[in-house]
Amino acid sequence: MQNKICEVCGDVFTPKPQVGKRQRTCGKTECKRELHNRSQRKWMERNPDYYKGRYPYVKEWLKAHPDYQRNYRARIKENSHKNGEFDICRKAWLTCAYGTPQDELTICEDSVLNKLKQVIDIQDKLISRISTNKRNLDQLTALIYKTSYPIDNTASYVP
Ligand SMILES: [Zn+2]
């Protein structure tokens, strides 16, 4: 199976044979979650009216199930230590910004380094294009200068 690049973190990964070409992320929980969120957002953009007008129904349902929201909040609180695992990448960025434990940073170091390499590559390409452009502009300016002062042979354009 040919290696692919994770659509979320940019890491190179080998797709699982069972999933094959359909696999779009490296498989890290936070990448799967992010891809899911993106799909969700796209779906909501395509179906903007889907949840409109649902509140009266939800309100009725909550009236019939008065404990639901309280229990829901309790469940979230209970599982908050698990939720920590879901957002390792965000944590790593926060670690960079505010300085907390080192191990959280190393988990995401590879993907951060990958991104950094991509940015440096793009910058290198831009620098080379800018120098080419500068050379071309210099040549054009020299040409214009020669055309404007064709008689004076001693005059020359100095970039
Ligand atoms: Zn990934």
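Conventions adopted
Residues numbered from 1 in each chain as written. Predicted model: local features only at pLDDT ≥ 70, side-chain atom pairs only at ≥ 80, totals over all residues. Helix = DSSP H or I, 4+ residues; strand = E, 2+ residues; numbered from the N terminus. Buried ≥ 20, exposed ≤ 12 C-beta atoms within 10 Å, placed from the backbone. Contact = placed C-beta atoms within 7 Å. Expected span 1.5 Å × (residues − 1). Arc of directions from axis to C-beta. Core = buried A, V, L, I, M, F, W, Y, C linked by C-beta atoms within 7 Å. pLDDT = per-residue confidence, 0-100.

Let us now look at the overall build of the protein chain. From N to C terminus, the protein chain includes six helices and two strands. In sequence order, the protein chain lays out its α and β elements as β-β-α-α-α-α-α-α. The buried share of the protein chain, taken over its 159 residues, is 8%. For the protein chain, the share of sequence-separated contacts (at least 6 apart) that also reach a separation of at least 24 residues comes to 28%.

It is worth spelling out helix α1 (residues 29-46) at this point. Compared with the 26 Å implied by 1.5 Å per residue over 18 residues, the 26 Å span of α1 between its first and last C-alpha is a close match. Buried within α1 we find E30, C31 and E34. Along the long axis of α1, the arc covered by the buried residues comes to 100°, so they all point the same way. Relative to its buried face, α1 has exposed residues pointing more than 90 degrees away, namely H36, S39, Q40, W43, M44 and R46.

To continue, consider the environment of G20. Looking at the element boundaries, G20 is found in the loop between β2 (12-13) and α1. When the 11 C-beta atoms within 10 Å are taken as the criterion, G20 is described as exposed. Along the chain, G20 and M1 lie 19 residues apart, while their C-alpha atoms are 7.4 Å from each other. In this view, G20 contacts M1 and P15; residues no more than four positions away in its chain are not counted.

In this structure, K21 sits in the loop between β2 and α1. With 9 C-beta atoms packed within 10 Å, K21 lands in the exposed category. When the C-alpha atoms of K21 and K4 are compared, they prove to be 8.9 Å apart, with 17 residues separating the residues in sequence.

Counting five residues, the largest nonpolar core is built from C6, V8, C9, C26 and C31. Beyond its immediate sequence surroundings of up to four residues, V8 is in contact with T25, C31, E34 and L35.

Before going further, it helps to examine the confidence of the model for the protein chain. Per-residue confidence for the protein chain gives a mean pLDDT of 77, with 72% of residues at or over 70. Counting interchain partners and residues more than four positions distant, the pLDDT-below-50 stretch residues 101-105 has seven contacts.

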